[in-house]
Amino acid sequence: MQRVCFLLKVREDRIAEYRERHAAVWPEMRDALSATGWHNYSLFLRDDGLLVGYLETEDFEAARAGMEATDVNARWQAEMAPFFESLDGTRPDEAMKPLTEVFHLA
């Protein structure tokens, strides 16, 4: 199982709304994430907008590709894009660049 961690930056003027939206993630989005191999998926948000994502999956690229093939993901990413800084025209899910793990205590 791969452990994947990534960072994104939520615009400070959108933090409250971002929190609200993630308190009510669409059931079909949750189902699609599970069906495409996203497990133990968590998002952590610092008060300045730094977003830390963590998930476990058998194959991150396959899990991303699986989500990219769903209609619900296209709709979700389109709605979420305005919340983020520095996406340079990419969708938020395309901007997820995994960090290198340097330590793990099992």
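Our subject is the structure that appears above.
Okay, so let's go over this structure. The shown structure was predicted, so the numbers you read here are calculated from the model rather than taken from an experiment. (Residues numbered from 1 in each chain as written. Predicted model: local features only at pLDDT ≥ 70, side-chain atom pairs only at ≥ 80, totals over all residues. Heavy atoms only, no water.)

**A closer look at the packing of helix H1 (residues 15-22) against helix H4 (residues 71-80)**
- One way to put it is that H1 packs onto H4 with a least axis distance of 12 Å and a crossing angle of 160°. Relative to H4, H1 is oriented roughly antiparallel. Counted together, Tyr18, Arg21 and His22 of H1 and Trp76, Glu79 and Met80 of H4 form the full contact between these two elements.
- Classifying every residue of the contact of H1 with H4 by side-chain character gives three nonpolar, one polar and two charged. (Axes fitted to C-alpha atoms, helices over the stretch in contact; angles between N-to-C directions. Helix = DSSP H or I, 4+ residues; strand = E, 2+ residues; numbered from the N terminus. Parallel < 35°, antiparallel > 145°, perpendicular 65-115°, else oblique. Contact = heavy atoms within 4.5 Å. Nonpolar A, V, L, I, M, F, W, Y, C, P; charged D, E, K, R; others polar.)

**Here we look at unusual backbone geometry**
- A positive phi angle, near 50°, is found at asparagine 40, a position not held by glycine.
- Relative to the helices and strands, asparagine 40 resides in strand E2 (residues 39-45).

**Let's talk about the side chain of arginine 14**
- Looking at the secondary structure, you find arginine 14 in the loop between strand E1 (2-9) and H1.
- In this structure arginine 14 comes out as buried when scored by relative accessible area, which is 19%.
- When near neighbours in sequence (up to four residues on either side) are disregarded, arginine 14 contacts Pro82 and Phe83. (Buried < 20%, exposed > 50% of the residue type's maximum accessible area, 1.4 Å probe, protein only.)

**A look at the sheet that holds E2**
- Spatially, three strands are ordered E1-E3-E2 in an open sheet, and the strand pairing comes out antiparallel. With one partner strand each, in any of the chains shown, E1 and E2 form the two edges of the open sheet. For this sheet, the mean inter-axis angle between neighbouring strands, taken without regard to orientation, is 15°. (Pairing = 2+ DSSP bridges.)

**Overview of helix H2 (residues 27-35)**
- Taken residue by residue, H2 has Met29, Ala32 and Leu33 as its buried positions. Down the axis of H2, the buried set is contained in an arc of 100°. They therefore lie on one face. What points out from H2, more than 90 degrees from its buried face, is the exposed set Pro27, Arg30, Asp31 and Ala35.
- For H2, the secondary structure elements touched by its buried residues are E2, helix H3 (60-68) and H4.
- Glycine 37 sits one or two positions beyond H2 and adopts a positive phi of about 100°. (Arc of directions from axis to C-beta.)

**Regarding the pattern of salt bridges**
- Counting across every chain of the model gives 12 salt bridges.
- Linking aspartate 13 and arginine 11 is a salt bridge whose minimum nitrogen-to-oxygen distance equals 2.6 Å.
- As a salt-bridge pair, arginine 19 and aspartate 47 come within 3.4 Å of each other at their nearest N and O atoms. Taken as a pair, arginine 19 in helix H1 and aspartate 47 in the loop between E2 and strand E3 (50-57) lie far apart in primary sequence, 28 residues in all.
- Because the salt bridges share partners, they merge into one network encompassing Glu68, Arg91, Asp93 and Glu94. (Salt bridge = Lys/Arg side-chain N within 4 Å of Asp/Glu carboxyl O.)

**Observations concerning the side chain of glutamine 77**
- Inspection of the secondary structure puts glutamine 77 in helix H4.
- Setting aside residues no more than four positions away along its own chain, glutamine 77 makes contact with Met29, Arg91, Pro92 and Asp93.

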